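# Structural overview for review
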Amino acid sequence: VVQGEYSTEIQIWSELEHADFQPLMKRLKTLPRDSVVLCVGHEPGLSEFVAQCLTGSARGLELEWKKAGVCAMEIEDSRATLLYLLTPRQLRNLR
């Protein structure tokens, strides 16, 4: 769905395996500034990465992240803004 929508190739990044902040942020910074990125991964790595982006600490925010949930952030100059955090039920209701 995403690939067809944005006509881009799917890439597998080893940095997403554990979503460690420094390696993943370093990789994201190699992308063009206006890039749209969809990261798919597992817990607790993704919620810790999101918390680190938003608060500066992997433990700075407790997120309730359901399987198949979606989080959107805007990251600029290592500062992040949470755009939304949706549960699978909320996503189904968007139809």
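Now for a quick tour of the structure. Note that the structure is predicted; figures quoted are calculated from it, not measured.

### A look at the environment of Arg27
Tracing the sequence through the fold places Arg27 in helix α2 (residues 21–28). In this structure, the C-alpha to C-alpha distance between Arg27 and Ile10, residues 17 residues apart in sequence, is 15 Å. Sequence-distant contacts of Arg27, defined by excluding residues within four places in its chain, comprise Gln11, Trp13 and Glu15. A polar side-chain atom of Arg27 sits 3.0 Å from a polar atom in the side chain of Glu15.

### So, the pairing of strand β2 (residues 79–86)
Relative to β2, strand β1 (residues 70–76) runs antiparallel, the two sharing 7 bridges. When the sheet's bridge partners are listed, Glu74 is paired in β2 with Thr81. Connecting β1 to the antiparallel partner β2 that follows it, the hairpin turn spans 2 residues, and Asp77 within it adopts a positive phi of roughly 55 degrees.

Rules used throughout
- Residues numbered from 1 in each chain as written.
- Predicted model: local features only at pLDDT ≥ 70, side-chain atom pairs only at ≥ 80, totals over all residues.
- Heavy atoms only, no water.
- Helix = DSSP H or I, 4+ residues; strand = E, 2+ residues; numbered from the N terminus.
- Contact = heavy atoms within 4.5 Å.
- Polar contact = N/O pair within 3.5 Å; in protein donor to acceptor, adjacent residues only side chain to side chain.
- Pairing = 2+ DSSP bridges.

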